[in-house]
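# Inside the fold
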Amino acid sequence: MDNDDSIPTLVDETTKVPVTILTGYLGAGKTTLLNYILTENHQRRIAVILNEFAQGSAMEHLLLTATTDEKGGDGRQRYEDWLELRNGCLCCSVKDVGVQAIEQLLEKRRNHFDYILLETTGVADPLPIVNMFWLDDELHSDLILDGLITVIDAYNGLKNYADDRHQEKALWSRQVAIADVILVNKIDLISQEEKSKIIELVRSINVTAQIYETTRSHIDLSLILDRNAYSKNSPPDYLLKNIPDQATTLIPHGNQTLNSVTMEFNGQFDFDKLDHLIIELLWNEQTSEQEIVRMKAVLCCSDESTYKLLQAVGQMYEFISTNEKHCDNLRNCFVLIGSNLNQERLREQFQKCLK
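Residues numbered from 1 in each chain as written. Predicted model: local features only at pLDDT ≥ 70, side-chain atom pairs only at ≥ 80, totals over all residues. Heavy atoms only, no water.

Here the focus is the packing of helix H9 (residues 271-284) against helix H10 (residues 343-351). Put simply, H9 and H10 touch, their axes get as near as 10 Å, and they point 150° apart. Between H9 and H10, the crossing angle belongs to the class labelled roughly antiparallel. On the side of H9, the interface is formed by Leu274, Leu277, Ile278 and Leu281, while H10 contributes Leu346, Gln349 and Phe350. Residue composition of the contact of H9 with H10, grouped by class: 6 nonpolar, 1 polar and no charged. (Axes fitted to C-alpha atoms, helices over the stretch in contact; angles between N-to-C directions. Helix = DSSP H or I, 4+ residues; strand = E, 2+ residues; numbered from the N terminus. Parallel < 35°, antiparallel > 145°, perpendicular 65-115°, else oblique. Contact = heavy atoms within 4.5 Å. Nonpolar A, V, L, I, M, F, W, Y, C, P; charged D, E, K, R; others polar.)

Next comes the structure, spelled out in structure tokens:
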């Protein structure tokens, strides 16, 4: 019997399906990670969606074997075709990574999985894709963005970053900059000194991401999935306890300079003033000299007893209320990642928003 014609399992329609976006430069190990997920017995029901996957990869061979249509055509042309695996995973390919396309996938297989892992191409700028899936509740989507994973090649990472081709260098840096989790892969192929250099480089670009060292992209999936990076369940204490107030770190970024800026403030913010400033920074003050690609903050706002989280990717941002009380410990932490950021100027702007 065709499973699509059978009586479906009852599903709570209010439950949103988390989407984790997987990115990384060519050869970093994304396909190896996906093969690991699709073949291991991890007791999870994950739908793996590949967008324009690499020519000749092992993953492509697996998919083409299972998704060729009745006329012998290339199954990649249609996103309705799924490969069901014994370990509970589903796998399909899709050319359109738009929200509507993914929601149409849900219509046929919604009761077969409870998580989506979306792979982008190695040369894709993840910023617009993250923005696409970062949806307001008012849009009533069945999807919710859980986080962004970037896989980097520890063996070739320093070489890629030192490459004189500015476009490739900028893309590699951008993939690292907006990640919530970074897998430093192929760690077994480098020396301790090389490992220290590549991790120092990654941390200088993105001070907030969780970094894990991997061999052949093998990792406990609980470390990379269900991150809740863009929800009220994201723990505020990570920033408060682990991100020190530090000077700007300058990293070559094509023809620009990539900054990672962290700042601390004591006191309470006037929410309206702060909201206006964020709009100015993300929408009105973006120039060829300055660009904020990522911002995180833990905030104490006036007349509120609990922390607020601020998340921003590109020009999209959101203030998220938490249930964690600050107990009059009015400490605030900001992290900004972008091009040519002026730390002193930013500090002055935020300072004016304190009550």
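Next comes the rest of the write-up.
Residues at a pLDDT of 70 or more form 69% of the chain, whose mean pLDDT is 76. Per-element confidence in the chain ranges from a low mean pLDDT of 43 for helix H2 (residues 58-67) to a high of 96 for strand S7 (residues 181-185). Segment residues 252-256 is flagged for pLDDT under 50; beyond a separation of four residues in sequence, or across chains, it makes 13 contacts in the model. (pLDDT = per-residue confidence, 0-100.)

So, about the packing of aromatic side chains. Inspection of every chain in the model, using the stated rule, returns 8 aromatic pairs. Ring geometry for phenylalanine 265 against phenylalanine 269: centres 6.0 Å apart, planes inclined by 80°, an arrangement best described as edge-to-face. We classify phenylalanine 269 as buried; its relative accessible area is 0%. Between tyrosine 317 and phenylalanine 319 the ring centres are 5.9 Å apart and the planes differ by 90°, which places this aromatic pair in the edge-to-face class. Among the aromatic side chains, those forming a connected cluster through ring pairs are Phe265, Phe269, Phe334 and Phe350. If you follow arginine 347 out to its NZ or CZ, it ends over the ring of phenylalanine 265, 5.5 Å from the centre. (Phe/Tyr/Trp six-rings, centres within 6.5 Å; stacked < 30°, edge-to-face > 60°. Buried < 20%, exposed > 50% of the residue type's maximum accessible area, 1.4 Å probe, protein only. Lys NZ or Arg CZ within 6 Å of the ring centre and 35° of its normal.)

Further remarks concern the state of the cysteines. In this structure the tally under the stated criterion is 0 disulfides. The thiol sulfur of cysteine 301 is not disulfide-bonded, and the nearest other cysteine sulfur, from cysteine 300, lies at 7.7 Å. (Disulfide = S-S within 2.5 Å.)

Okay, the pairing of strand S1 (residues 17-24) next. Among the 8 residues in S1, 8 count as buried, and that is most of the element. Taking every second residue as pointing to the same face, both faces of S1 are buried, with Val17, Val19, Ile21 and Thr23 on one and Pro18, Thr20, Leu22 and Gly24 on the other. Where S1 lies against strand S6 (residues 143-153), 8 bridges are found, and the strand directions are parallel. Bridging across to S6, threonine 20 finds its partner in glycine 147. Of the pairings in the sheet, the one linking S1 to strand S5 (residues 115-119) comprises 4 bridges and is parallel in character. Residue pairing across strands places valine 19 opposite isoleucine 116, the latter belonging to S5. (Pairing = 2+ DSSP bridges.)

All right, on to the pattern of salt bridges then. All chains considered together, the criterion is met by 10 salt bridges. Between arginine 174 and glutamate 291 there is a salt bridge whose closest N-O contact spans 3.0 Å. Of this pair, arginine 174 sits in helix H6 (residues 166-177) while glutamate 291 sits in strand S11 (residues 291-299); the two residues are 117 residues apart in sequence, bridging distant segments of the chain. Classification of arginine 174 by relative accessible area gives buried; the value is 16%. Taking relative accessible area as the criterion, glutamate 291 reaches 22% and is therefore assigned partly exposed. Note that glutamate 213 and lysine 195 form a salt bridge whose closest N and O atoms lie 3.4 Å from each other. One end of the pair, glutamate 213, is in strand S8 (residues 210-213); the other, lysine 195, is in helix H7 (residues 192-205), with 18 residues separating them in the sequence. Each of Asp180, Arg294 and Lys296 takes part in salt bridges that share partners, so that together they form one network. (Salt bridge = Lys/Arg side-chain N within 4 Å of Asp/Glu carboxyl O.)

Residues of H10 that are buried: Gln343, Leu346, Gln349 and Phe350. Angular distribution of buried residues about the axis of H10 spans 125°; they occupy a single face of the element. Where H10 begins, the side chain of asparagine 342 points an oxygen toward the backbone nitrogen of glutamate 344, at a separation of 3.2 Å. (Arc of directions from axis to C-beta. Polar contact = N/O pair within 3.5 Å; in protein donor to acceptor, adjacent residues only side chain to side chain.)

Within the largest apolar cluster, 46 residues are counted, with the highest numbers of intra-cluster contacts made by Ile116, Phe133, Trp172 and Ile182. Mapped onto the domain boundaries, this core takes at least three residues apiece from domain 1 (17-68 + 77-223) and domain 2 (237-353). Other than its neighbours up to four places away in sequence, isoleucine 182 contacts Thr150, Ile152, Val176, Val202, Asn206, Ala209, Gln210, Ile211 and Tyr212. Counting residues in each nonpolar core, the second largest holds 24 residues, with Val261, Phe269, Ile278 and Phe350 among its members. (Core = buried A, V, L, I, M, F, W, Y, C linked by side-chain atoms within 4.5 Å. Domains from an automatic or database assignment.)

This part covers the side chain of serine 302. Summarising the element assignment, serine 302 is placed in the loop between S11 and strand S12 (306-313). Overall, serine 302 belongs to the buried group, its relative accessible area being 16%. The residues contacting serine 302, other than those within four sequence positions of it, are Gln268, Phe269, Asp270 and Lys355.

A separate point is the environment of asparagine 342. With respect to the helices, strands and loops of the structure, asparagine 342 is situated in the loop between strand S14 (331-339) and H10. Judged by relative accessible area, which is 42%, asparagine 342 ranks as partly exposed. Along the chain, asparagine 342 and valine 261 lie 81 residues apart, while their C-alpha atoms are 8.6 Å from each other. Within polar-contact distance, the side chain of asparagine 342 engages the backbone nitrogen of arginine 345 at 3.0 Å.

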